[in-house]
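Single-letter residue listing:
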Amino acid sequence: MTSDLSPSFAPATLATLAAAAHRQASTQRPDGKTVTTALLEAEKTAKQQRLTYPPEALYGTWRLCFTAPKKPHYQSGRPIGKGFYVPKVAIAHISFFPSESLSAPLGIRNQLRIGALQITFSGPAKYLGKKNLLAFDFNQLEVTLLGATLYRGSIRSASSKLTDFSSAPIGKLPFFAFFLANSEYVAARGRGGGLALWGRVNQD
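Residues numbered from 1 in each chain as written. Predicted model: local features only at pLDDT ≥ 70, side-chain atom pairs only at ≥ 80, totals over all residues. Heavy atoms only, no water.

Some words on the overall build of the chain
A tally of helices and strands in the chain yields two helices and 13 strands. Of all intrachain contacts in the chain linking residues separated by at least 6 positions in sequence, the fraction that spans at least 24 positions is 54%. If you sum the accessible surface of the chain, you get close to 11,100 Å²; carbon and sulfur atoms cover 55% of it. (Helix = DSSP H or I, 4+ residues; strand = E, 2+ residues; numbered from the N terminus. Contact = heavy atoms within 4.5 Å. Areas by Shrake-Rupley, 256 points an atom, 1.4 Å probe, with all protein chains shown as cover.)

Okay, structure coming up:
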């Protein structure tokens, strides 16, 4: 098995995804169907070559650039499905980081900002390296408006009905199955079947 081998992917696929992950919109961005096809091609390549990524490849903050939520797939060898770019008015960031918690080795934070309103979900995460699966559970919520905190506290989580997060089976948790991860962007399929592409946020 290999790790983070971007050269294993077709150059045209990587060029399309790199253009789509660029945060500055331009007329040069590929259309939604082209990006969705590139994501499907990258997913197929990762499966065929059994590529694996260490959890460290996901560490950092990423901005959601593109999503194809309606279960894109191949049908009779042809890519089916299309997606769309996340509009500028909605800024969605997701972060993965090591955790000191005894119940979970990783942490996740998902933040949505629309104007002055910011909604942040956070919680524990765990990673199955052989399948590039990152399972998570949001159990904290913070809502701020113009920098003022409107709410901060615990919320009902997916694993609340189970014993605890560390022993919760992957099938009972939301997860991302990553199939591409490099220094510029990451791509994954969610438990619901949708595809997503995030671009790295450089934080000094």
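Quick word on the side chain of Thr36
Here Thr36 lies in helix H2 (residues 32-48). One polar contact links the side chain of Thr36 to the main-chain carbonyl oxygen of Gly32, over a distance of 2.9 Å. When near neighbours in sequence (up to four residues on either side) are disregarded, Thr36 contacts Phe66, Ala68, Pro72, Gly81, Lys82, Gly83 and Leu195. (Polar contact = N/O pair within 3.5 Å; in protein donor to acceptor, adjacent residues only side chain to side chain.)

Examining the confidence of the model for the chain
Of the residues in the chain, 90% have a pLDDT of 70 or more, and the chain-wide mean is 89. Counting contacts from residues 1-6, a segment whose pLDDT is below 50, to residues more than four positions away or on other chains yields 14 contacts. (pLDDT = per-residue confidence, 0-100.)

Digging into the nonpolar core
Judged by nonpolar contacts, the single largest core of 42 residues is most densely connected at Leu17, Leu39, Leu134, Phe178, Leu180, Leu197 and Trp198. The biggest single contributor to this core is H2, with six residues. In terms of nonpolar packing, the next biggest core, distinct from the first, is built from eight residues, Ala104, Ala168, Ile170 and Phe175 among them. (Core = buried A, V, L, I, M, F, W, Y, C linked by side-chain atoms within 4.5 Å. Buried < 20%, exposed > 50% of the residue type's maximum accessible area, 1.4 Å probe, protein only.)

Examining the pairing of strand E10 (residues 148-154)
As paired strands, strand E9 (residues 140-145) and E10 are joined by six bridges and run antiparallel to one another. Among the inter-strand pairings, Leu141 is bridged to a residue of E10, identified as Gly153. (Pairing = 2+ DSSP bridges.)

Let's talk about a positive patch on the surface
A contiguous patch of positive charge, built from Lys33, Lys70, Arg78 and Lys82, is present on the exposed surface. Along the chain, Arg78 turns up in strand E3 (residues 78-80). With relative accessibility at 61%, the residue Arg78 sits in the exposed group. (Patch = residues over 30% accessible without salt bridge, like charges linked within 9 Å, V, L, I, M, F, W, Y side chains within 5 Å. Salt bridge = Lys/Arg side-chain N within 4 Å of Asp/Glu carboxyl O. Lys, Arg positive; Asp, Glu negative; His and termini not counted. Charge placed at Lys NZ, Arg CZ, Asp CG, Glu CD.)

What to know about the pattern of salt bridges
Opposite charge on two side chains lets them pair, provided their charged atoms get close. On inspection of all chains with the given rule, the structure shows three salt bridges. We note a salt bridge from Glu41 to Lys44, for which the minimum N-O separation is 3.7 Å. Taken together, the residues span about one helical turn, with Glu41 and Lys44 both in helix H2 at a distance of three residues. Note on Glu41: relative accessible area 27%, which makes it partly exposed.

Considerations on unusual backbone geometry
Its identity as a non-glycine residue notwithstanding, Lys71 has a phi of 50°, on the positive side. Among the secondary structure elements, Lys71 is positioned in the loop between strand E1 (60-68) and strand E2 (73-75). Owing to a relative accessible area of 53%, Lys71 belongs among the exposed residues under this scheme. The backbone of Asn132 shows a phi angle near 55°, a positive value even though the residue is not glycine.

Remarks on the packing of aromatic side chains
Here the structure, examined in full by the defined rule, presents eight aromatic pairs. Aromatic pair Phe96 and Phe178: ring centres 5.9 Å apart, planes at 90°, arrangement edge-to-face. Taken together, the residues span a long stretch of sequence, with Phe96 in strand E5 (residues 90-98) and Phe178 in strand E11 (residues 175-181) at a distance of 82 residues. When sorted by exposure, Phe96 lands in the same class as Phe178, which is buried. Note on Phe136 and Phe176: the rings are 5.3 Å apart at their centroids and 25° apart in plane angle, and the pair reads as stacked. Taken together, the residues span a long stretch of sequence, with Phe136 in strand E8 (residues 133-136) and Phe176 in strand E11 at a distance of 40 residues. We note that Phe136, like Phe176, is buried. Chaining the aromatic ring pairs together yields one cluster made of Phe96, Phe121, Phe136, Phe138, Phe176, Phe178 and Trp198. (Phe/Tyr/Trp six-rings, centres within 6.5 Å; stacked < 30°, edge-to-face > 60°.)

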